[in-house]
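This is what each chain is made of:
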Amino acid sequence: MALKNYNVAELRRLDVEHHLAAQQDHGMMRDIGGARIITRADGCYIRDAEGNAILDAMAGLWCVQVGYGRKELASAAYEQMLELPYYNTFFKTASPPTIELASKISGLLGGNLSHVFFNSSGSEAIDTIIRMARFYWQAKGQPERHVIIARENGYHGSTIAGASLGGMRAMHAQGGPWVPGIEHIRQPYLFNDGFGEDPRAFGEAAADALEQKILEVGPERVAAFIGEPVQGAGGVIIPPETYWPRVEAICRKYGILLVSDDVICGFGRLGQWFGFQHFGIKPDLVSMAKGMSSGYLPISAVGVADHIVEVLRSVGDDFVHGYTYSGHPTAAAVALKNIEIMENEDLVRRTREDTGPYLARRMAALAEHPLVGEARSLGLIGAVEIVSKKGTNQRFGGSEGPAGRIVRDICITNGLMVRAVRDSLVMSPPLTISHGEIDDIVDIIAKSLDEAAPALAALG
Ligand SMILES: *Cc1c(COP(=O)(O)O)cnc(C)c1O
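- The chain carries the name Aspartate aminotransferase family protein in an unreviewed UniProt entry, which gives Sphingomonas lycopersici as its organism.
- Listed in UniProt under the heading Cofactor (unreviewed entry), the comment for the chain reads: "pyridoxal 5'-phosphate".
- You can read under Sequence similarities (unreviewed entry) in the UniProt record for the chain the words "Belongs to the class-III pyridoxal-phosphate-dependent aminotransferase family."

Right, here's the structure in full:
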């Protein structure tokens, strides 16, 4: 296929004149003269309009599991579009790929999660969960059970409901009022909040915050608890192994629904099909999105446990919820093909047994760097904590400094796309990444940290 010849200066001008990008400082976007124009991608590399090749250690936005340039996915979309590009699921109707994908995903979820509800984004999946969990309790004759407990620094999307459920201080500071009936508890962030503590005891204490909150709210008012198996956008916070089993036990003790937001951890990221499977828990509702179609088309889903489906089936009326694009046939066809590729290339096992452990070994070496306080990973997701004093968790320029952004910008200049979260760099590369590319990620981060040292020191 011939490469298109873009007028980059004109595109950047139009970008400033007409486009508001997601999650951006719009004044800054104007001042820097528009976005970096990404024109194409192949494998684990993206390419900008200036011709720079950048190793994409973020897999787009935690989602391009099988890498870029997969012709099979393009063909799946093309063929489905010719046969049936779109139809809805409102009118007692469904399309073949939608049904096949529901069946496929329920098999991957396992246990009693036999049903799947489709949406187009992670945020929409979260909205579905809030509405379904609250309706479930209402239908069971306990409408007062509507409170949902989530975590500080959790991320559940950017719609009003998603941002309300999320525990992102920066989001809550903008606008409001937020969706009522949502409570937040502490996060299991050992490096920041329990530095030097015993991880097992710390994990249990962080889980016990859930029980305290349930008792404070009143158990008869709590509908559900939601958390990401590993917090992604919050900074790749990997909880101690004592955390999730204790959270699950507390949910069972009080009879509240356990929700796993697997939007990032799903589709092999932690070396299992779903993140909750790594931690050995059995959620009642599971949201998934990123990785589901490797980002080639927007699609998301909610896995629903049988006992919830039974209640939905018993109400004798519509559950008045769903989207125009719920079960979109073309997106479903691409997701099915994406899962097929992941199976054929054994990407989940490879992440668990090969590339994940390899990344962990390379991260352990990176942890020796004088500016690194911790370099942690699980499967193919990881974070590098930048500290001002080796052996501590002290930050440059005081708390929540700009260290991450400084190093990230240098990484990008050096040909590596990573993301900055406060004082850390986070990564979640395509599951197709090679050992050599993992070496490149770690080497470029080490080199970029060296180059950033003077600018970091200037922060004090
Ligand atoms: C990205 C994300 C979402 C929101 O997904 P969108 O597709 O951006 O709406 C929800 N939950 C988690 C855990 C996420 O990482």
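**Considering the environment of methionine 417**
- Here methionine 417 is to be found in strand E13 (residues 416-417).
- Residues methionine 417 and methionine 171 lie 246 residues apart in sequence; the distance between their C-alpha atoms is 24 Å.
- The contacts of methionine 417, once residues within four sequence positions are left out, are Ile46, Ile54, Leu55, Asp56, Ala57, Met58 and Ile412.

**Topic: the sheet that holds strand E14 (residues 419-421)**
- Sheet architecture is open: 4 strands sit in the order E11-E12-E15-E14, paired in antiparallel fashion. With one partner strand each, in any of the chains shown, strand E11 (372-378) and E14 form the two edges of the open sheet. Averaged over all pairs of adjacent strands, the angle between their axes in this sheet comes to 20 degrees, without regard to strand direction.

**Quick word on helix H10 (residues 199-217)**
- When the terminal C-alpha atoms of H10 are compared, their 28 Å separation across 19 residues agrees well with the 27 Å that a helix rising 1.5 Å per residue should span.
- On its buried side, H10 packs onto strand E5 (147-151), strand E6 (182-185), helix H9 (190-193), strand E7 (222-227) and helix H11 (243-254).
- In the stretch just after H10, glycine 218 is the one whose phi turns positive, near 100 degrees.

**Some remarks on the packing of helix H16 (residues 403-413) against helix H17 (residues 435-459)**
- Contact pair H16 / H17: the axes reach a minimum separation of 8 Å and the direction vectors enclose 135 degrees. In this view, H16 runs oblique relative to H17, as classed from their interaxial angle. The element H16 and its partner H17 pack so that their crossing is right-handed. Within the contact between the two elements, H16 uses Ala403, Ile406, Val407, Ile410 and Cys411 and H17 uses Ile444, Ile445, Ser448, Leu449, Glu451, Ala452, Ala455, Leu456 and Leu459.

**Description of the site of the ligand**
- Taken together, Ser121, Gly122, Ser123, Tyr155, His156, Gly157, Glu228, Asp261, Val263, Ile264 and Lys290 form the complete shell of residues around the ligand.
- Contact between the ligand and serine 123: an oxygen atom at 2.5 Å from a side-chain N or O atom of the residue.
- One of the backbone N or O atoms of tyrosine 155 is found 3.3 Å from a nitrogen atom in the ligand.
- Burial of the ligand by the protein chains amounts to 83% of its free accessible area of 380 Å².
- Residue classes in the shell around the ligand are distributed as 3 nonpolar, 5 polar and 3 charged.

**Some remarks on the state of the cysteines**
- Inspection of the entire model under this criterion finds 0 disulfides.
- Between cysteine 44, a cysteine without a disulfide, and cysteine 63, which holds the nearest cysteine sulfur, the sulfur-to-sulfur distance is 13 Å.
- Classification of cysteine 44 by relative accessible area gives buried; the value is 4%.

**Some words on the confidence of the model for the chain**
- Taken residue by residue, the chain gives an average pLDDT of 97. The fraction at 70 or more is 99%.
- Averaged pLDDT values for the elements of the chain fall to 94 in helix H8 (residues 169-172) and rise to 99 in strand E8 (residues 257-261).

**Concerning the sheet that holds E13**
- The mixed open sheet is built from 4 strands, whose spatial order is E1-E2-E3-E13. In this open sheet, the two strands that pair with only one neighbour each are strand E1 (38-42) and E13.
- By the bridge criterion, 3 bridges tie strand E2 (residues 45-48) to strand E3 (residues 53-56) in an arrangement that is antiparallel. By the bridge assignment, tyrosine 45 is partnered in E3 with leucine 55.

**Quick word on the nonpolar core**
- In terms of nonpolar packing, the biggest core is built from 96 residues, with Leu101, Ile105, Phe225, Met292 and Ile445 touching the most fellow members.
- Structurally, this core is a two-domain feature, drawing no fewer than three residues from each of domain 1 (36-66 + 346-458) and domain 2 (72-344).
- The residues touching isoleucine 445, leaving out its near neighbours within four places in the chain, are Leu366, Val384, Cys411, Leu416, Val418, Leu425 and Met427.
- Within the second largest apolar cluster, 27 residues are counted, among which are Ala161, Leu257, Val302 and Val304.

**Thoughts on the domain arrangement of the chain**
- Entries for the chain in the domain assignment read domain 1 (36-66 + 346-458) and domain 2 (72-344).
- For domain 1 and domain 2, the distance between their C-alpha centres works out to 26 Å.
- At the interface, 36 residues of domain 1 touch 36 residues of domain 2.
- Together, Trp62, Val348 and Leu378 form the three largest contributors to the area buried by domain 1 at its contact with domain 2, with a combined 22%.
- On the surface where domain 1 and domain 2 come into contact, there are 0 salt bridges.
- Scanning the region where domain 1 abuts domain 2 turns up 18 residue pairs in polar contact (both at pLDDT 80 or more).
- Among the elements of the structure, helix H3 (59-62), helix H15 (347-366), E11, strand E12 (381-386) and E14 are those that each provide at least two residues to the side of domain 1 that touches domain 2.
- Of the residues forming the side of domain 1 that touches domain 2, the biggest block, 5 residues, is contributed by E11.
- Of the residues in the side of domain 1 that touches domain 2, the class split is 17 nonpolar, 10 polar and 9 charged.

**Some details on the side chain of threonine 128**
- Here threonine 128 is to be found in helix H6 (residues 122-139).
- On the basis of relative accessibility, which here comes to 0%, the residue threonine 128 falls in the buried class.
- Residues within four places of threonine 128 in sequence aside, it is in contact with Phe117, Asn119, Val302, His321 and Tyr323.

Each value, and the rule that gives it
- Residues numbered from 1 in each chain as written.
- Predicted model: local features only at pLDDT ≥ 70, side-chain atom pairs only at ≥ 80, totals over all residues.
- Heavy atoms only, no water.
- UniProt positions renumbered as here; feature names shortened; annotations may be inferred.
- Helix = DSSP H or I, 4+ residues; strand = E, 2+ residues; numbered from the N terminus.
- Contact = heavy atoms within 4.5 Å.
- Pairing = 2+ DSSP bridges.
- Axes fitted to C-alpha atoms, helices over the stretch in contact; angles between N-to-C directions.
- Expected span 1.5 Å × (residues − 1).
- Parallel < 35°, antiparallel > 145°, perpendicular 65-115°, else oblique.
- Left-handed = near helix turned anticlockwise from the far one by under 90°.
- Near = heavy atom within 4 Å.
- Polar contact = N/O pair within 3.5 Å; in protein donor to acceptor, adjacent residues only side chain to side chain.
- Areas by Shrake-Rupley, 256 points an atom, 1.4 Å probe, with all protein chains shown as cover.
- Nonpolar A, V, L, I, M, F, W, Y, C, P; charged D, E, K, R; others polar.
- Disulfide = S-S within 2.5 Å.
- Buried < 20%, exposed > 50% of the residue type's maximum accessible area, 1.4 Å probe, protein only.
- pLDDT = per-residue confidence, 0-100.
- Core = buried A, V, L, I, M, F, W, Y, C linked by side-chain atoms within 4.5 Å.
- Domains from an automatic or database assignment.
- Buried area = accessible area lost by both parts, 1.4 Å probe.
- Salt bridge = Lys/Arg side-chain N within 4 Å of Asp/Glu carboxyl O.

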